[in-house]
Amino acid sequence: MLKNTEILLTIKLQEQLFVDPKRIRLLKAIQECGSINQAAKNTHISYKSAWDHLAAMNEISPKPLLERNIGGKNGGGTTLTSYAVRLLQLYDLLEQTQEKAFHILQDENIALSNPLSATAKFALQSSARNQFFGTVENVTLQNGNALVSIQIEGLNRPMVASITEKSAVKLGLVLGKEVMLMIKAPWVKLHQNPPHLDENLFLGEVRSVTETNHTKESLIAVNGLEFCATIHADQQIKVGAQTWLSIDPEQIILATL
């Protein structure tokens, strides 16, 4: 995080304070030592204050936060319920998300008006070299599958992805929905002559060719967009040349918020 910048996360339920940094520290201390009394000491608050915080949280919590263990080898104690443990995990996740979100404020190349692309920039890591953003233009259902037409700025025709109908429902794909497309480099096929394909065929220009052990990696520019393709070492391709590229609709991964 930027120097001298502090983001404090507070969660309210029923218009009342549920958790804040102080209460989260108290719950974590109880998780570590198994004692409310010791947790209060470790977090530098009084025993009464600790009880007041815990009582206030439990009163509005959807599920219990604490379990009391009576007797036993160590004389009993207090542990967190599974719900409280998940609450701590969620709070940590939200803190990490807030910190990363604040970092994108410094990058003016990231459009904050697009929640999906902004989130992907700071939160999503993928091995797919090709990542594009677009909006759903059409969804056609056939034989348990869904053909999703997606308009991507810079392409003169929609990109079509084939996913299962269940996946389309899970992603909530409706017209105008913003989606992210992920395509691995080996899934982008290059052709000297246009193959007889009805979908995902685009003409581009070779921008670069990089050789590795047994393959070549090429960057292809298509109307301002850049595609990365992995090709065989013996496939002849020159910088500046025009080439056709195609992508199998079944080899496109979709993601959305």
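Above this text sits the structure in question.
Throughout, a residue's number is its position along its own chain's written sequence, starting from 1. The predicted nature of this model means local features are confined to residues of pLDDT at least 70 and side-chain atom pairs, given and counted, to a pLDDT of 80 or more, with totals for whole chains, interfaces and linings taken over all residues. Water and hydrogen atoms were dropped before computing side-chain values, which therefore reflect all heavy atoms in the structure.

Trainee: Please provide a residue-by-residue account of the nonpolar core, values included.
Mentor: Membership of the largest hydrophobic core comes to 31 residues, with the highest contact counts inside it found for Met159, Leu173, Phe227, Leu245 and Leu254. If you tally residues by element for this core, the top one is strand S12 (residues 225–232), at 4 residues. Filtering out sequence-adjacent residues up to four positions away, Phe227 remains in contact with Asn130, Phe132, Leu155, Met159, Ser218, Leu219, Ile220, Val222, Leu245 and Ile247. What is meant by a nonpolar core is a set of buried Ala, Val, Leu, Ile, Met, Phe, Trp, Tyr and Cys residues, joined one to another through side-chain atoms within 4.5 Å. When a residue's accessible area, from a 1.4 Å probe over protein chains only, is under 20% of the maximum for its type it is buried; when over 50% it is exposed; and in between it is partly exposed. The next biggest cluster of nonpolar side chains, apart from the first, holds 24 residues, and it includes Ile24, Ala39, Ala50 and Tyr91. For helices the rule is a DSSP run of H or I covering at least 4 residues; for strands it is a run of E covering at least 2, with both sets numbered from the N terminus onward. Whether two residues are in contact is decided by their heavy atoms, any of which lying within 4.5 Å being enough.

Trainee: Let's hear about the pairing of strand S6 (residues 145–151): which residues, and what values?
Mentor: Between any two strands, pairing holds if DSSP finds at least two bridges. As judged from the 7 bridges shared by strand S5 (residues 130–142) and S6, these two strands associate in the antiparallel manner. Within S6, the residue paired with Gln142 across the bridge is Asn145. In terms of strand pairing, S6 meets strand S7 (residues 159–164) through 6 bridges, oriented antiparallel. Note that in S7 the partner of Val148 across the bridge is Ala161.

Trainee: Give a detailed account of the pattern of salt bridges, specifying residues and quantitative values.
Mentor: The term salt bridge refers to a pairing of a side-chain nitrogen on Lys or Arg with a carboxyl oxygen on Asp or Glu at a separation within 4 Å. All chains considered together, the criterion is met by 3 salt bridges. Here Lys48 makes a salt bridge to Asp52, at a shortest N to O gap of 3.0 Å. With Lys48 and Asp52 both in helix H3 (residues 47–60) and 4 residues apart, the pair spans about one turn of that helix. Overall, Lys48 belongs to the exposed group, its relative accessible area being 57%. According to the relative accessible area criterion, Asp52 is partly exposed, its value standing at 42%. Residues Arg129 and Glu217 are paired through a salt bridge, measuring 2.8 Å at the closest nitrogen-oxygen approach. Note that Arg129 is positioned in the loop between helix H5 (115–123) and S5 and Glu217 in strand S11 (residues 215–222), a separation of 88 residues in sequence. Taking the relative accessible area as the measure of exposure, Arg129 reaches 47% and is therefore partly exposed. Judged by relative accessible area, Glu217 falls into the partly exposed class, the value being 26%.

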